[in-house]
Every structure is written in C-alpha cells, then in structure tokens.
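# What the coordinates show
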Amino acid sequence: MSETKTSITRRGALALAGATLGSGAVSGFPTLWAQNIKDVTLRQIGTGVSGLNPIAEQVKKDLGFNLQLTVSDTDAVAQRAATQARSFDIADIEYFSIKKVYPTGAVQPIDTRKIKLIDKIVPIFTTGRLTPDSPMGQGTSPFSVGFVESATAKSFAGQRTELMTLLPTIYNADTLGIRPDLIGRPIRNWKDLIDPAFKGKASILNIPGIGIMDAAMVCESAGIARYGDKGNMTQAEIDKTINFLIEQKRAGQFRAFWKSFDESVNLMASGEVVIQSMWSPAVAAVRSRGIACTYQPLEEGYRAWGSGLGIMRHVSGLQLDAAYEYLNWYLSGWAGAFLNRQGYYSAVLETAKANMSENEWGYWMEGKPATADILSPEGKVMEKAGAVRDGGSFMERMGKVVCWNSVMDEDRYMVRRWNEFIAA
Amino acid sequence: MPRLFPWLQTAPLLAVLLVFLLIPLAMLVIVSFYDYDSFSLIPDFVLTNYKEVFASSVTWRTYLKTLWFAGLTWLVTLGLGFWLAYFLAFVVQSPTWRMVLFVLTTVPFWTSNLIRMIAWVPFLGRNGILNNGLLAMGAINQPLEFLLFSDFAVILAFVHLYTLFMVVPVFNTMMRIDRRLLEAARDAGAGFWQALWCVILPLCKPGIGIGSIFVVVLVMGDFATVRLMSGGQSASVGLMISNQIGLMQYPAAAANAVVLLAMVLLLVSAMLRAIDIRKEL
C-alpha cells in the first residue's frame, strides 16, 4: 500500500491495518496488474457532495489509474448522465435520479458477485430496513430502485437480486439548519420554517425532487395536508402543497431559494436566512467560519437521501475492470472514513471505522462527546473537544428517517407545479 | 458555369448556417411537438406542450415579467448609454483621453459575467456594505431588504452587465457625426436641446437601434442573472426553460423556446422597422 505517505502517520497506519483487517477479503489492493492500467482514466460525473479531489488523488495512489471528476448540480448530473452517457464512465448520482436515468439505458447493472463487501453494506440498501423491524420510509428509497432482475430490464426489481443499479457510497439524514444566535427561540418542528416570525428570513431548496419532500414535511407538520404517501403524491396532494408554498412565497416568507451547496452556505453565513433546508456539510462549512449554525433534529423525523456509483453502459474491457476495482476500493475504508468525517455516512461501516480514530468514530457515528478536537479532512478544527453531534448517533439519525428524496408517478405534474411556484 | 459561381461562393456559409442553425432550429420545432415522460422522449405530434405554455397563468406572468425586465433594462441602459456616449464623443476633446475613458467603460468586462453578478451579493446584502454604511450614517434604522434578492437587484445587475452594449454602438455613430453639422445648427440659432433633438438624436438612431437589439435580446434570453440576483424569487422565460431542461422535460422546454424565439424575432423586426440600422454599416 502506498497510503503510508498520507500526512498523519497514525491515520496511515490505521488505514493499513484497516485494509487488511476490514474483511476476510483483502481490499484496497489493486488486483489488476495489467501494464497499461496507468493509462486508464475513469471519467466521473457527480455533485459537489462527493466529487472531491482528495478521493481522486487517493484512487491514483491506491489503484494507479486516473479518476477525472466533473462536478455539477443534482439535476444537471442526472440530465448529463442520461443524455451524454458516452462522455462519462462513472455516474455518481442520487437514488431518486437513478429512477429516471436507469430506464434510459445509460447505466449498466453492477454484478454484485464482483463486489467483495456486498454483504457488509448497511441493510438500508440491501433489505430496505436499517434494522429488521425499522420502517421503510416513504419515497424513492435506495432499496426500491437499487436492484434489477436482468441486464436488459428497464424496471426495478424491488427486492435483492445479483444486479445493482448503483453501488451505494454515501447517504445522510437531512433536516433544517438554523442560526441559533439569530433565531431567538427553540426550533422543534418542520412547521417552524413557515413561522411568520421568520418572514423574509427562511429559505427552501429549489431542486424539485428534494424541495417537494421538505415542503411536504412542513405541510404535514403544520396540519395543512395529510399524505397517503409523501413520496408518491396524488395530483390533489401536489396541488395542496404547491398552493400552500405559493401562498407563503407571496406573503414574503422566503428570502431566496437555493440550488447549490455553496449558495446555502452563503445564505446562512451572511445572515440573509436564519432557517432553511440544508445539507449536513453545509452546516459544517458555516460553523468552520466561526458562525453558530445548528443542524436541528425535528420531532417529525428526517428526510434522507443516498447516492451511489453507476457504471455507464458503454464501459467494457480493461476499463470495466478498473471500474469494478474502483467500486471495491470505495467500500474498502479510506473513502468511507473520508466521507464520515464530513458528516455523511458510508455504505460499509466497519471498514470506515478501521480508518477512523476512536474519537472520530465516537463523535460522528456514536453521538458521543468528542474527547479531543474534531478535525476536518483538511486538518481544520471543526468542533472543539466536548462537542456532541446534532441529532446524535448513526442509529438515532438514520433510525428516524421518515421519507426519501423522490421521483413520483406524477413527476411531470409535480415538476410543472414546482416551476409555477418558483415563477409565482 | 459562370451562373453557378455565386452559388458556389455562398455554399460554405450556406452549409454552416444549414448545419448549425437551420437544422437545430427545425429539430427544436419538431421536439416541441413530442410527448415525454420522466424517462424519455416519445416521438409524437401532440399540442400538450403548447397548451401548457398558453393555458397556465404562471407562464403568461413569466412572459410578461421577462418583457418587463427587458423594457426597464432597455430604458435605463439607453438613458445611461446615451449620455455616457455623448460625454465621450462631444465633451471630451482630447482623442487620447477619449480612448482612455472608452477603455475604462469596458473594465467590468474584464471579469466573467458570473463574478460580476456575485460581486453584488456582499455589497447589497442584509449585512452588506451598503446597508452597514447607511446604518452607520444613521440614514436608515432597518437594513433595506429590497436591495438583494429582488427585482431591483435583477435590473441593477442587468444594467451593470449590458450598458456597454448600448454605449459602444451609440458612441460609434456619434463619432461619425460631421461636427460642421453641429456648427451649422448653432449658427442657425439652435440651442443645446434643439441641436440634440434635431441633429444628434436622428443621426444616432442606427447606433441606438443596434444597442437596443443587443440589450433586449440578451435580457430576453437570460436565466443566470435572474436566478442569482433574485435568489430564485423571480422567474424569466430563460430560467423556466433552463429548469425544464434540468428536469429532462425537453419537449416542454422546446415549446417555450419556440414561443420565446417568435417573440424575440417579432421584437427585433419591430425595431428594424423603426430604425434603419444599415445606415450604420
């Protein structure tokens, strides 16, 4: 392993240990010894969430080939994966996007027999439930679109098969972010987003598949609407939700709508907004500027999302081998630890654990107070010793997921109405 | 054979226009009649896309809003652009200074469009420089909210981005005005305003026409400025199209694009009727 070159030797040593201890299979090692492996380049399109240069650098170090990253916003990634499939080899996309993209034939199924740690993946992805008795969560759950019956199937299996649409890599439970210093009262429910006290200081994200779910959480919490299935609304339910949003917009409740991670950070950090839909690392980014920001757990539970790596249909031969090599590497620990340290969750927990210090694992995954300063992957202090993660442990957070980002049967209608809300 | 020569000479241009303009346009029109679901385009001939454009009150409002943005931006850039050009052409006497000042007007173009827009955010924000300055001076007690993420911000950014497109052609026509005409006007007893109205303005018409076409066409097709400066609160047709493309609703986007194209062509042809820009060329 060439990982011993990483800046912190303790981590390097742990990674080395993790790579050999992580599982029965020895993972992380390149098993491709072809001479021309160095010439292989995998072109990946994804969002800024996981399209991170340190990952590409580590791939080069560990596996020897190049990972070339293109980063765009959620909708654009799905669009380009579907329409310009040949320009990329790997699609790093969300499960609700794959529901749209997979049937276009842009992505080939992943043969799970070639994935060494397939049985170590968190059961949310393989059985649909975190623990055998936890609920499924409404919406486009990763499990519902995670498997197909055959290589030519255009619809999803809805049960575990040997063919996966995406290899899960990263997921999280989302809630509202607040500025505790400016908001002036405790926040407990999703409906607090539309409290008139925060008029002109609230924001919701403008990605229809995600925004509609936040809106549904708000409407349900405020008693405006009740849904049969939030993740698959009827036209009447969509109308009710969007009409309510338009009403709120006209009343001046929202300061702005954001579409990219950076926009949400700027809105919050500048104080333009005090309560808004937010993603976990965006909260961390605001905090790392020395500005108080809380990822507020709410009584109704979380809205979750997950994304994974898909292999484009045209990838074959040596490149396909490299792609599988890359997928296996992703689960082997380094990447998992890297993502966990930013507040996301990795698909295989034990290999990630082996790559994290006890303090890091305790803080990020177990909800324990930090015993020493928590550093970001770049080495910046994110949290002082004694801090506790908002929302607590992995089980507490992922166990309270009530819905997933969604593509509905009435998607076309929903998107049209959502556009009307934005234009209203 | 000689009769074929002109055809051969125009063939390259014709081929380029055919491949890169006419065929894509034809495809745009064809796709606008397609049906679609969330996964794919369905070749068909349906009018739903156009029905959705015209039946929704929101699309109408969006089109009106876009026109309103274009109109207001045009008025402001015309006013600003005309007087800037006038200053450069008639007030500044030294050709060196004229050149220096002219280059200065292009300074905003030395950075990208996006950066020029984003630069407004820390200036206009609730806790931005302007609000903090006004609060410190005691001119206001509450930060002015309308400065950012509002129509005001959108128009401001448009004016900032596009005034130069008005200044350059107007300046160009002004420089071509024979100075003796102005002397003659003065000798004939015309005052400042009369000379401006009866001599300079008519001779500047082609420049104003070209500038207006630039500004109106740019604003009508814009989506980034409207989204960033209004914080997603306002919509323009371009933004609506970009949203639809992002969500893979290509036929709906194509139908909107066809309608927008028709509208812009009508506007431009109206301007060309009012002003003969060929005098400029």
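Refer to the structure above for everything that follows.
What you are looking at is a predicted structure, and each value in this text was computed from that prediction instead of being measured.

### A look at the interface of chain A and chain B
A common measure of how large an interface is: the accessible area buried when the components associate. Between chain A and chain B, the contact holds 35 residues from the first and 32 residues from the second. In this assembly, chain A packs against chain B so that about 3,000 Å² is buried in total across both faces, 48% of it on carbon and sulfur atoms. Its largest share of buried area at the contact with chain B, chain A owes to Lys100, Arg255 and Arg412 of chain A, together 25% of the area lost on that side. Connecting chain A to chain B are four salt bridges. Notably, a salt bridge pairs Arg416 of chain A with Glu52 of chain B, separated by 3.6 Å at the nearest N-O pair. The interface formed by chain A and chain B holds 17 residue pairs in polar contact (both at pLDDT 80 or more) in total. For the side of chain A that touches chain B, the elements supplying multiple residues, two or more each, are α3 (74–83), α4 (95–101), α8 (235–250), β10 (254–258), α9 (261–269) and α16 (411–423) of chain A.

### Description of the pattern of salt bridges
Pairing between side chains of opposite charge can happen when their charged atoms approach one another. Taken as a whole, this structure holds 27 salt bridges over all chains when the rule is applied. Arg412 of chain A is the partner of Glu52 of chain B in a salt bridge, and the nearest nitrogen-oxygen pair spans 3.6 Å. Separated into two different chains, Glu52 of chain B in helix α2 (residues 48–55) and Arg412 of chain A in helix α16 make up a pair that spans both. The class of Arg412 of chain A is partly exposed, set by a relative accessible area of 21%. One salt-bridge network, in which partners are shared between bridges, spans Asp239, Arg412, Arg416, Arg417 and Glu420 of chain A together with Asp35 and Glu52 of chain B.

### Details of the nonpolar core
By size, the foremost hydrophobic cluster in this structure holds 175 residues, and its most contacted members are Ile55, Val101, Tyr326 and Met398 of chain A together with Met174 and Ile200 of chain B. Considering each element in turn, this core owes the most residues, 14 residues, to helix α8 (residues 151–176) of chain B. Not counting chain neighbours up to four residues away, the residues in contact with Val101 of chain A comprise Ala78, Ala81, Ala82, Ile93, Ala106 and Val107 of chain A together with Met248 of chain B. Formed by 39 residues, the second largest nonpolar core is a distinct cluster that contains Ile212, Ile238, Phe257 and Trp418 of chain A.

### Describing the pairing of strand β1 (residues 41–46) of chain A
Every regular strand shows the same layout, with side chains that alternate between the two sheet faces. Residue and element names in this part refer to chain A. Bridge count for β1 against strand β2 (residues 66–71) is six bridges, and the pairing is parallel. Paired with Thr41 across the bridge in β2 is Asn66. Handedness of the β-α-β unit built from β1, helix α2 (residues 53–63) and β2 comes out right-handed. Here three bridges tie β1 to strand β3 (residues 90–94), and the two strands are oriented parallel to one another. Considered in β3, the bridge of Gly46 is made with Asp92.

Reading guide: rules and limits
- Per chain, residues are indexed from 1 in the order of the written sequence.
- Chains and ligands are labelled by the order in which they are written, letters from A for the one and numbers from 1 for the other.
- Since the coordinates come from a predicted model, pLDDT governs what is reported: local features require at least 70, and pairs of side-chain atoms require 80 or more to be given and counted, while whole-chain, interface and lining totals use all residues.
- Only hydrogens and water are removed before side-chain values are computed, so all heavy atoms of the structure are retained for them.
- Contact criterion: two residues are considered in contact whenever any of their non-hydrogen atoms come within 4.5 Å of each other.
- As a working definition, buried area equals the accessible area (1.4 Å probe) given up by two parts on being put together, with both sides summed.
- Take a side-chain nitrogen of Lys or Arg and a carboxyl oxygen of Asp or Glu: if they are within 4 Å of each other, that pair is a salt bridge.
- The term polar contact refers here to a pair of N or O atoms within 3.5 Å; inside protein, the definition further demands a hydrogen-donor-capable atom paired with an acceptor-capable atom, and it admits residues adjacent in sequence only when both atoms are side-chain atoms.
- Helix and strand definitions follow DSSP, with helices as H or I runs of at least four residues and strands as E runs of at least two, each counted in order from the N terminus.
- Accessibility here uses a 1.4 Å probe with only protein chains present; expressed as a share of the type maximum, an area under 20% marks a residue as buried, one over 50% as exposed, and anything in between as partly exposed.
- Only buried Ala, Val, Leu, Ile, Met, Phe, Trp, Tyr and Cys residues count toward a nonpolar core, and they belong to the same one when joined by side-chain atoms within 4.5 Å.
- Two strands make a pair as long as DSSP finds a minimum of two bridges between them.
- Orienting the strands away from the viewer, one traces the path from the first strand over the helix to the second; a clockwise path indicates a right-handed crossover.

Structural measurements only, silent on function.
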